[in-house]
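# Understanding the architecture of this molecule
What follows is each chain in one-letter form.
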Amino acid sequence: MEGLRRHKSMFLLPGLLTLALIIIFPLLFTIRVSFSGWNVSSPQMDFIGGANYATMLDDSRFWASIMRLALLAGGTVLIQYVIGFGMALLVWREARGRRLWRVLFLVPMMTTPVVMAAIWQMIFHESLGPVNDLLGMLGLTKVPWLTESGPALVALMTVEVWQWTPFMFLLLLAGLLSLPKEPFMAAAIDGADAWRTFRKVTFPLMAPVSVAAIIIRLIEASKLSDSVYVLTSGGPGSSTETPGYYLYIQGLRDQQTGYSGAMSLTYLVLMIVTLTIVAALLARAFKLKGDS
Amino acid sequence: MRSRLYPVFKYTVIALWACFVAGPFFWAMTTSFKDANGVQGGATYLPWLQYEPTVTGWRNIFGGAGGVDVMQPFVNSAVVTIAASAISLVLGSLAAYALSRYRFKFGFIKNSDIVFFFVSQRIMPPVVLVIPFFYLLQWTGLLDSILGLVIVTVALLLPIAVWVMVDFFNGIPREIDEMAMLDGCGPFQTFVRAILPNSLPGLTVAAMFCVVFGWNDFFFAFRLTFTEVQTLPQAVVALNSSIPPWWTLSAAALFGVAPLILLALRVERYLSKGNLSGAVR
């Protein structure tokens with residue numbers, strides 16, 4: 001192995017340098033721009049101090065979008081975890097048809113989110129879509145899914161659950177399938193019933209996979225913006241806007257480049273801080289320390 | 001211990017979920033065979049019984065009169081996805097091999113920190129990256145070009161490739177490397193002749209993730225390309241409006257997701273036990 005030491009950097013550096021450029025340039029650029037008054041009428045990187053950040057503190061639309069994102073991401077990931085884990089538990093001992101389950105659960109997560117959002121937009125159409133048609137068959141009144149704030153959020157969450165529950169299912173099923181057999185035999189010998197076995201054996205053994213799956217999904221969910229763009233365009237009003245979508249409007253559509261830079265950095269920092277705290281809390285809640 | 005009703009419960013739950021999963025595809029499929037009359041008739045599901053099927057939608061996306069072009073966007077998407085995935089897999093597996101086999105120390109930075117640096121890119125929301133990328137590409141004259149889009153897509157895919165491959169290489173015994181070296185292979189030969197042939201399952205999973213994320217990217221393509229280079233998701237979203245030419249939209253949408261569904265059916269068996277749970281850690 002000795003002769004290789006000189007070569008090890010040759011393997012690593014191409015990828016590392018590519019990524020460093022890709023991350024560091026945008027970060028430096030965004031930091032610099034966030035202290036400038038660059039906008040649609042004065043496209044230059046002057047220095048205006050923290051004025052953008054001061055504006056941002058008063059921008060209730062931005063803070064509302066952050067809170068909405070927290071609700072949407074937290075809510076949908078929780079639903080995905082519960083349904084995904086439940087389904088995985090239902091099928092993991094099933095030898096027959098496992099391939100069918102996998103295919104069934106693989107397809108939604110592989111399909112293009114914006115394209116599926118376009119299909120969902122037809123499905124939630126107030127007068128021509130099948131959702132209201134089915135509600136009508138059940139004798140319920142039609143719901144203005146995409147034009148009223150409450151239902152629009154429900155529609156958005158439905159799309160997210162549809163698309164990403166399979167991801168939870170596949171990770172958790174993989175986790176269940178790689179569990180050791182012995183603890184379950186011991187529980188059976190002790191005469192533990194199904195619920196007790198789940199609570200004392202399955203759930204603790206699944207803690208590492210659970211935490212990893214939840215964190216990965218939270219990271220991806222915290223970027224939510226594409227399906228908002230297609231499904232509701234942030235509307236009605238700004239009631240379904242997420243930070244990603246609001247930043248797109250400010251920075252790219254209205255070209256408030258400096259201001260959107262300030263919000264970008266704030267969004268990124270808030271995300272990293274929140275996710276770190278959530279990860280620590282989850283690890284503690286699942287008692288992820290050594291003994292797992 | 002389990003009641004006799006358990007199987008009934010189980011298959012009911014699974015059947016309900018299957019309907020929920022298949023619903024949007026079924027809706028898009030039936031809608032793609034409608035025309036204005038079929039759509040205006042409200043929510044209908046059964047061709048021949050509730051509406052007269054036509055192929056207008058499918059003709060519109062394959063060069064019918066007054067239709068849209070999906071073939072050029074399809075080719076653009078395919079070129080960008082394949083090129084970016086290939087670059088990411090090459091750079092990513094080289095870096096992952098180094099990180100798996102050698103110790104790096106730059107001051108207090110260790111191997112795990114370097115892996116974390118790669119993966120941390122996934123935390124960056126696209127909207128934070130896209131404005132700097134816009135000006136970077138504008139300055140270099142690559143805005144609205146295939147090459148520009150390939151470069152930024154590599155940014156999305158490289159972390160995924162490194163992440164999956166580091167974990168996979170860690171699972172390959174070091175004896176394989178040592179054997180190859182005893183046979184007189186240099187480092188690159190060892191990697192190409194001994195390691196890569198043993199890495200097909202890992203490479204398959206990494207390639208699948210790269211292709212899915214690359215094909216599904218909308219935001220970068222949406223902001224960094226405009227006219228000449230339009231990708232398939234852009235073409236489909238451009239058809240999306242509240243006034244329905246729903247038959248064309250449905251046909252284009254199904255055409256757009258079909259490659260990934262076919263891919264899912266092909267690679268499903270690689271996503272067994274170890275691979276996916278290994279990719280989590």
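Residues numbered from 1 in each chain as written. Chains lettered and ligands numbered in written order. Predicted model: local features only at pLDDT ≥ 70, side-chain atom pairs only at ≥ 80, totals over all residues. Heavy atoms only, no water.

So the rule is basically this: UniProt positions are given in the numbering used here, feature names are shortened, and annotations may be inferred rather than shown by experiment.
Within an unreviewed UniProt entry, the label attached to chain B reads ABC transporter permease, and the organism entered is Streptomyces agglomeratus. Heading Subcellular location (unreviewed entry) of the UniProt record for chain B holds this comment: "Cell membrane". Quoted verbatim from the Sequence similarities (unreviewed entry) field of UniProt, the annotation for chain B is "Belongs to the binding-protein-dependent transport system permease family."

Chain A is annotated in an unreviewed UniProt entry as ABC transporter permease of Streptomyces agglomeratus. As recorded by UniProt, the Sequence similarities (unreviewed entry) comment attached to chain A reads in full: "Belongs to the binding-protein-dependent transport system permease family." In the Subcellular location (unreviewed entry) part of its UniProt record, chain A is described as follows: "Cell membrane".

## Considerations on the UniProt feature "transmembrane region" (unreviewed entry) in chain B
Residues and elements named next belong to chain B. For the record, the criterion: Note on conventions: DSSP H or I runs of at least 4 residues are helices, E runs of at least 2 residues are strands, and numbering of each starts at the N terminus.
Mapped onto the present numbering, the UniProt feature "transmembrane region" (unreviewed entry) falls on residues 12-29, 78-102, 114-134, 146-166, 203-226 and 246-265. From the first C-alpha to the last, residues 12-29 spans 25 Å; its make-up is 100% helix and 0% strand. For residues 146-166, the end-to-end C-alpha separation is 29 Å, with 100% helix and 0% strand making up the annotated structure.

## Considerations on the interface of chain B and chain A
Interfaces are often sized by the amount of accessible area the parts lose when they come together. Inclusion rule: Any two residues whose heavy atoms approach within 4.5 Å are treated as being in contact. Buried area, as used here, totals the accessible surface that two parts lose on assembly, with accessibility defined by a 1.4 Å probe and the loss added over both. Salt bridges are defined as contacts in which a side-chain nitrogen from Lys or Arg sits within 4 Å of a carboxyl oxygen from Asp or Glu. The term polar contact refers here to a pair of N or O atoms within 3.5 Å; inside protein, the definition further demands a hydrogen-donor-capable atom paired with an acceptor-capable atom, and it admits residues adjacent in sequence only when both atoms are side-chain atoms. In this count, Pro and Cys sit with the nonpolar residues alongside Ala, Val, Leu, Ile, Met, Phe, Trp and Tyr, while Asp, Glu, Lys and Arg are called charged and the others, Gly among them, polar.
Contacts between the two partners involve 95 residues from chain B and, on the opposite side, 91 residues from chain A. For the pair chain B and chain A, the summed buried surface comes to about 8,600 Å²; carbon and sulfur atoms form 80% of the total. Of all residues in chain B, Trp17, Ile123 and Glu268 of chain B bury the most surface against chain A, accounting for 8% of the area lost on that side. For the pair chain B and chain A, the interface holds 1 salt bridge. The shortest N-O distance in the salt bridge between glutamate 220 of chain A and arginine 122 of chain B comes to 3.4 Å. On inspection of chain B and its partner chain A, the count reaches 8 residue pairs in polar contact (both at pLDDT 80 or more). Broken down by element, the residue count for the side of chain B that touches chain A peaks at 15 residues, all from helix H1 (residues 6-31) of chain B. Here the residues of the side of chain B that touches chain A sort into 74 nonpolar, 13 polar and 8 charged.

## Points about the nonpolar core
Definition in use: Residues enter a nonpolar core if they are buried and are Ala, Val, Leu, Ile, Met, Phe, Trp, Tyr or Cys, with the set joined through side-chain atoms within 4.5 Å. Relative accessible area decides the class of each residue, using a 1.4 Å probe on protein chains only: under 20% of the type maximum gives buried, over 50% gives exposed, and in between gives partly exposed.
Counting residues in hydrophobic clusters, the biggest one holds 187 residues, and the most contacted among them are Leu12 and Phe169 of chain A together with Leu99, Phe118 and Leu224 of chain B. A total of 17 residues in this core trace back to one element, the largest contributor, which is helix H7 (residues 149-177) of chain A. Once residues within four sequence positions are removed from consideration, phenylalanine 118 of chain B is found in contact with Leu12, Gly15, Leu16 and Leu19 of chain A together with Ala95, Leu99, Leu158, Pro159 and Val162 of chain B.

## Re the packing of aromatic side chains
Rules: Side-chain rings of Phe, Tyr and Trp (the six-membered ring for Trp) are treated as a pair once their centres are within 6.5 Å; stacked means planes under 30 degrees apart, edge-to-face means over 60, and tilted covers the remaining angles. Throughout this description, the term charge over a ring refers to an Arg CZ or Lys NZ atom that lies within 6 Å of the ring centre and within 35 degrees of the ring normal.
Under the counting rule described, the total for this entry stands at 46 aromatic pairs over all chains. With a centroid separation of 6.0 Å and 5° between ring planes, the pair formed by phenylalanine 105 of chain A and tryptophan 17 of chain B is classed as stacked. Of this pair, phenylalanine 105 of chain A sits in helix H4 (residues 98-110) while tryptophan 17 of chain B sits in helix H1, placing the two residues on different chains. Here phenylalanine 105 of chain A and tryptophan 17 of chain B have matching classes, each one buried. Taking the centre distance of 5.1 Å and the plane angle of 35° together, the rings of phenylalanine 74 of chain B and phenylalanine 255 of chain B count as tilted. Taken together, the residues phenylalanine 74 of chain B in helix H4 (residues 71-101) and phenylalanine 255 of chain B in helix H13 (residues 246-267) connect sequence positions 181 residues apart. A residue is classified by how much of its surface remains accessible, and phenylalanine 74 of chain B, at 22% relative accessible area, is partly exposed. Judged by its relative accessible area of 15%, phenylalanine 255 of chain B is buried. Ring pairs connect the aromatic residues Phe105, Trp120, Phe124, Trp145, Trp162 and Phe169 of chain A together with Trp17, Phe20 and Phe25 of chain B, which therefore count as one cluster. Against the face of tyrosine 51 of chain B rests lysine 34 of chain B, its NZ or CZ located 5.1 Å from the ring centre. For arginine 223 of chain B, the ring lying beneath its charged end belongs to phenylalanine 222 of chain B, and the centroid distance is 5.2 Å.

## Quick look at the environment of valine 80 of chain B
Residues and elements named next belong to chain B. Within the secondary structure layout, valine 80 lies in helix H4. Residue class for valine 80 comes out buried when judged on its relative accessible area of 4%. For the pair valine 80 and leucine 16, spaced 64 residues apart in sequence, the C-alpha to C-alpha distance is 37 Å. Leaving out residues up to four positions away in the same chain, valine 80 has contacts with Ile146, Leu149, Val150 and Thr153.

## A word on the packing of H7 of chain A against helix H10 (residues 207-221) of chain A
For any two helices packed against each other, one specifies the crossing angle of their axes together with the interaxial distance. Residues and elements named next belong to chain A. Here is the rule: To get an axis, a line is fitted to the C-alpha atoms, and for a helix only the part in contact is used. The angle between two axes follows their N-to-C directions and goes from 0 to 180 degrees. Oblique is the label for any angle not under 35 degrees, not over 145, and not in the 65 to 115 range, which are roughly parallel, roughly antiparallel and roughly perpendicular in turn. Helix crossings get a hand from a simple test, with the near helix turned counterclockwise from the far one by less than a right angle marking a left-handed crossing and a clockwise turn marking a right-handed one.
Contact pair H7 / H10: the axes reach a minimum separation of 10 Å and the direction vectors enclose 155°. By the criterion of interaxial angle, the relationship of H7 to H10 is roughly antiparallel. Read as a crossing pair, H7 and H10 show a hand that is right-handed. Counting all contacts with H7, which are made through Glu160, Trp164, Phe167, Met168, Leu171, Leu172 and Gly175, the residues of H10 involved are Val209, Ser210, Ala213, Ile214, Ile216 and Arg217. In the contact of H7 with H10, the residues fall into 9 nonpolar, 2 polar and 2 charged.

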